[in-house]
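# Per-entry structural report
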Amino acid sequence: MTMHHPCAEPMRQSASESAVTAGRIFPARGRRLPEKADTVWGEMEPVTGEKNLILGCASTGAKFTPGNHRATGDTLLDKINTGATIKNSPLALIAEAEALHGMGCRYYHYHARNPKTHEQSTSNEIYQAISRPLQRRCKEMLISFGASRNGPEVRDSIHRFGEWERISQSSLPLHLGGAHFVTLQAAVELQLMCEIERQYGDMSLDFIDSEEFSKVIADYQPSNRLTTASLETYSTSNGANYGRTSPAIQSEVYRNAIQARRQLGLFCEVEWVQFPRSYAMTRYAVEHPDMNLGGSGQLNITLLFGFSPRLPFPKNYAEFKQVVDSAKKLEYDLAEPGVKKRHVTVTVGAAVLPEQAGEHFTPLDVGARRGRSACALRRLATYAAQKDSGVDIIRFGMEDTPYAVDADGALHLADNCDLAETVINELAANGAQVETDHDVIFERMGLNWVKQNLFFQQRQFPLGRPANPLPDRSLQST
């Protein structure tokens, strides 16, 4: 399959020249963008919308690697599942990131992969080799690092250096090749919630929202019981194996990662892969006094729909909204439901395996293309584009759905720029606009408040003492 599009070569466009959507006037910016027909889905009359979304790319991921997939003999599926279209060298990744920036992407999520073996890596040098040139060439891009998860090279690093190796990138300062965000709640850390379930029973949403859960947070003590950590997930052959660890170890790693981000004046995010377990884990980390996740006043939550049976891809918009609304509840503590304690932003991704793509090629229940069958990624973009969606960042990329689906539901090879075009076209059809104004994005993501206040505190402690978050009342104007 031969593909030619903007990712074929580096692009160096300014924000004012960015190609954000195809052949349409952007009402918020008044720019005419390059003409490019949506040949698969056909042109539609522009829809006037009031939703602005930040375009985000999950560029590499940790699941689709040669070592994580057992060959099936299906040439197309084997190529997708081994990450054949995922770029691994820093040079290729930065060129692609520049092209994505030119298309309007302003959030870049990256998992380190060994450029020689294409396997997951814990090497901070690899993270830095992406972050440094990305900061120079795409100055308006928010950078996010994922948690290194599993695979032979990750297991070897943890065996030699300890569990902190999985998340050590959280302690990299931005100017030394770090990231604005680091994902702290890796799937293995949900071990804590599995142990709580064994002690207190299965957790419903009502239970997590109750005072009883506050007592669980206060009383629960993570055990030192070592177990093989395996996640019930939709995954490639070896993508669900997270090694041998304990709730106590994971609790300590999580706590130390939060503290590292706070000391750097940088930001935290978590990924939800099991609902409501992920909600319970985030609620626990937010309200536990030794963790205080989001204590700086800001937290980004990424919802990976389709990642596991516990967070399936939504059948309709109502199911989608239930999960988004639960994430937004974390702006408030259980004891003070009327007092906003932190600013929560929401990112959504469609984490659907290629083998399951056909199951999710179903008619849209909302939007301008209601009734037309669409793949998971197009459905997700349509849901995010609705005025009341509650979504801030719409995420696409090789980490989530490393393939394209045409109008007939057929699977094709794709890369990140192909997926960006798919999302952009779907947003435009639904009247949603891609936000590229850096000041607007920084304010929307709650980053200005943290930057202004936490950085001020850090300057008072030049010898490196941790800065404490400001009182909750400072958030009331957020």
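Provided above is the structure to which this section pertains.
What counts and how
Residues numbered from 1 in each chain as written. Predicted model: local features only at pLDDT ≥ 70, side-chain atom pairs only at ≥ 80, totals over all residues. Heavy atoms only, no water. Helix = DSSP H or I, 4+ residues; strand = E, 2+ residues; numbered from the N terminus. Buried < 20%, exposed > 50% of the residue type's maximum accessible area, 1.4 Å probe, protein only. Contact = heavy atoms within 4.5 Å. Areas by Shrake-Rupley, 256 points an atom, 1.4 Å probe, with all protein chains shown as cover. Pairing = 2+ DSSP bridges. Right-handed = clockwise from strand over helix to strand, strands pointing away. Salt bridge = Lys/Arg side-chain N within 4 Å of Asp/Glu carboxyl O. Polar contact = N/O pair within 3.5 Å; in protein donor to acceptor, adjacent residues only side chain to side chain. Expected span 1.5 Å × (residues − 1).

With that settled, the discussion passes to the overall build of the chain. The helix and strand inventory of the chain stands at 14 helices and 17 strands. Across the 478 residues in the chain, those meeting the buried criterion constitute 60%. Taking the contacts inside the chain whose residues are at least 6 apart along the sequence as the reference set, 75% of them involve residues at least 24 apart. Here the chain has roughly 18700 Å² of accessible surface; of this, 50% comes from carbon and sulfur atoms.

The next thing to look at is the pairing of strand β5 (residues 142-145). Residues L142 and S144 line one face of β5 and the alternating positions I143 and F145 line the opposite face, and both faces are buried. As paired elements, strand β4 (residues 105-110) and β5 share four bridges and run parallel to each other. Residue pairing in the sheet places H109 in a bridge with S144 of β5. Crossover handedness for the path β4 to helix α3 (residues 124-137) to β5: right-handed. The sheet contact formed by β5 and strand β6 (residues 181-183) spans two bridges and is parallel. Note on β6: the bridge partner recorded for S144 is F181.

Here we come to the pattern of salt bridges. Applying the stated criterion to the full structure yields 22 salt bridges. Across the salt bridge formed by E399 and R395, the nearest N and O atoms sit 3.2 Å from each other. In terms of burial, E399 and R395 fall into one category: buried. Here D400 ties to R395 by a salt bridge, and the two come within 2.8 Å at their closest N and O atoms.

Attention now goes to the side chain of T65. Looking at the secondary structure, you find T65 in the loop between β3 (52-58) and α1 (75-81). One polar contact links the side chain of T65 to the main-chain amide nitrogen of N68, over a distance of 3.2 Å. Among the polar contacts made by the side chain of T65, one reaches the side chain of E119 at a distance of 2.9 Å. Residues in contact with T65, not counting those within four places in the same chain, are N81, T82, R113, H118, E119 and Q120.

Summarising the element assignment, T436 is placed in the loop between β17 (433-434) and α13 (438-444). In this structure, the C-alpha to C-alpha distance between T436 and N52, residues 384 residues apart in sequence, is 9.5 Å.

This part covers helix α8 (residues 247-264). Its 18 residues place the ends of α8 26 Å apart at the C-alpha level, agreeing with the 26 Å of an ideal helix rising 1.5 Å per residue. If you check which residues of α8 are buried, you get P247, A248, Q250, S251, V253, Y254, A257, I258, A260, R261 and R262. Downstream of α8 by one or two residues, G265 has phi in the positive range, about 70°.

What follows covers the side chain of Q120. Of note, Q120 is situated in the loop between β4 and α3. Accessibility expressed as a relative area gives 3% for Q120, which makes it buried. A polar contact of 2.4 Å, which involves the side chain of Q120, links it to the backbone oxygen of A62.

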